[in-house]
Each structure stands twice: as structure tokens, then as C-alpha cells.
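# Understanding the architecture of this molecule
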Amino acid sequence: MISVVFSTRTDNQKHINHLKHSSGLSKNIEILQYVNNGEYSLTEIYNKGLRDSKYDIVIFCHDDIFFNKDGWGKK
């Protein structure tokens, strides 16, 4: 149902777990994390995420964004 794309400097499993848990979508969420140490611009990363995503709804966010309300993915 939803693909979430974000760029990070190091593997950020904590953020992946937060997105999955807070979304309320246990199976219908795809998290696309791109580890990027300045090789690509954020625009390039987001365009790659858009190409790689398997769902029609794509959310782009930073790796320091946390959702305070659970179930946001269902809305």
C-alpha cells in the first residue's frame, strides 16, 4: 500500500522499525532506505526511491522524522 523512502548516512534500523510499527501496516508497507554519504543529492536519492518503489503511494521523509500518532499509514 505505501512505500517510504529515506536517505541516511548509516544503516538506521531504529528508524525502519519505527516506521513499520507506527504506520499500523504490518505487511503493506515497503521501507526503502538508501545509505548515502554525499555521493548523491537528496533529489537523486528520492528519484531512485520513486523508481524502485512497488506501491502507488510513496512517502519521502528524513531519517530524523518520528510520527507521534500510530496508524498514520491507514489514513
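Predicted model, so just to flag it, every value in this text is computed and none were measured.

### Comments concerning the pattern of salt bridges
According to the stated counting rule, one finds one salt bridge in the structure shown. D52 serves as the salt-bridge partner of K48, at 3.0 Å between the closest nitrogen and oxygen. Highlighted residues: K48 and D52, both in helix α2 (residues 42-52), separated by four residues, approximately one helical turn. Using a relative accessible area of 34% as the deciding quantity, one classes K48 as partly exposed.

### Focus on the pairing of strand β2 (residues 29-35)
By the criterion of burial, β2 is predominantly enclosed, with five of the seven residues buried. The sheet contact formed by strand β1 (residues 2-8) and β2 spans seven bridges and is parallel. The partner of I2 across the bridge, within β2, is I29.

### Focus: the nonpolar core
With ten residues, the main nonpolar core is built from I2, V4, F6, I16, L19, L25, I29, I31, C61 and W72. Counting residues per element, the ones that place at least two in this core are β1, α1 (13-23) and β2. Top element by residues in this core is β1. It accounts for three residues. Setting aside residues up to four positions removed in sequence, V4 forms contacts with L19, I29, E30, I31, L32, I59, C61 and W72. Within the second largest apolar cluster, five residues are counted, among which are V5, Y34, I45 and Y46.

### A word on the sheet that holds β1
Judged by pairing direction, the sheet is parallel, and its three strands sit side by side in the order β2-β1-β3 without closing on themselves. Looking along the sheet, the strands with just one partner apiece sit at the ends: β2 and β3 (57-60). In this sheet, neighbouring strand axes are inclined to one another by 20 degrees on average, regardless of whether the strands run parallel or antiparallel. The strands touched by α1 within the sheet are β1 and β2, with β2 carrying the most contacts at an inclination of about 160 degrees. Packed onto the sheet, α2 meets β1, β2 and β3 and runs at close to 145 degrees relative to β2.

Reading the values: rules and limits
Residues numbered from 1 in each chain as written. Predicted model: local features only at pLDDT ≥ 70, side-chain atom pairs only at ≥ 80, totals over all residues. Heavy atoms only, no water. Salt bridge = Lys/Arg side-chain N within 4 Å of Asp/Glu carboxyl O. Helix = DSSP H or I, 4+ residues; strand = E, 2+ residues; numbered from the N terminus. Buried < 20%, exposed > 50% of the residue type's maximum accessible area, 1.4 Å probe, protein only. Pairing = 2+ DSSP bridges. Core = buried A, V, L, I, M, F, W, Y, C linked by side-chain atoms within 4.5 Å. Contact = heavy atoms within 4.5 Å. Axes fitted to C-alpha atoms, helices over the stretch in contact; angles between N-to-C directions.

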